[in-house]
Amino acid sequence: MSLAGRIQGSILVPMTAATRNKVLSLYSRLFRIARNWQAQSGVKQDTEAERNYIVLEARSLFRQNQKLTDQESVKRCIDECEARIEMGLHYRNPFPRASYLPPMGLATQKGRRLLGQQRLRRQAKPVYLQSQDDT
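Fair warning: this is a prediction, and the values are worked out from it, not measured in the lab.

1. As for the environment of A49
For A49, the position within the fold is in helix α2 (residues 44–64). Owing to a relative accessible area of 45%, A49 belongs among the partly exposed residues under this scheme. Distance from A49 to A39, taken between C-alpha atoms, is 8.9 Å for residues 10 residues apart in sequence.

Put into structure tokens, the structure is as follows:
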């Protein structure tokens, strides 16, 4: 998530300190969660694998989004991060939950209907899966 600023028209507007603090607090919160994470199974190997997943996923998504300049995009990423944290803590599972919309199950696959179906699938994608490509 870009901490440098965003472009509005042709003027570079610095990102607010509140947004920067929110992003940094989410980043550090993820590492605290990973440090204290315990797998539901109680098996040490599962715990280590899940901790490793949390750390690697956080690093990769924050690095992937570090160059974002659009305030709306940054807000969506913050919302996704918060949703994934809450769902992970609630279900005690760090992996993203599946989206249960069947592929190509909304309409017939011809012409405009296909485009409409693809649009509906993008709209139906939950906020916690926005960074996932294959749902």
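2. A short note on empty space enclosed by the protein
Scanning the model with the defined rule gives 2 cavities of 30 Å³ or more in all. If you list the elements that add at least two residues to the lining of the largest cavity, you get α1 (17–36), α2 and α3 (71–91). The greatest single-element share of the lining of the largest cavity, amounting to 7 residues, is contributed by α3. Of the residues in the lining of the largest cavity, the class split is 14 nonpolar, 3 polar and 3 charged. The computed volume of the second largest cavity comes to approximately 100 Å³. Along the walls of the second largest cavity sit 10 residues, with M87, G88, N93, F95 and P96 positioned nearest its centre.

The rules behind each value
- Residues numbered from 1 in each chain as written.
- Predicted model: local features only at pLDDT ≥ 70, side-chain atom pairs only at ≥ 80, totals over all residues.
- Heavy atoms only, no water.
- Helix = DSSP H or I, 4+ residues; strand = E, 2+ residues; numbered from the N terminus.
- Buried < 20%, exposed > 50% of the residue type's maximum accessible area, 1.4 Å probe, protein only.
- 1 Å grid on protein atoms, 1.4 Å probe; cavity = no way out; pocket = protein on both sides within 12 Å on 5 of 7 lines; lining within 4 Å.
- Points joined across faces, edges and corners; volume = space filled by probe spheres on them.
- Nonpolar A, V, L, I, M, F, W, Y, C, P; charged D, E, K, R; others polar.

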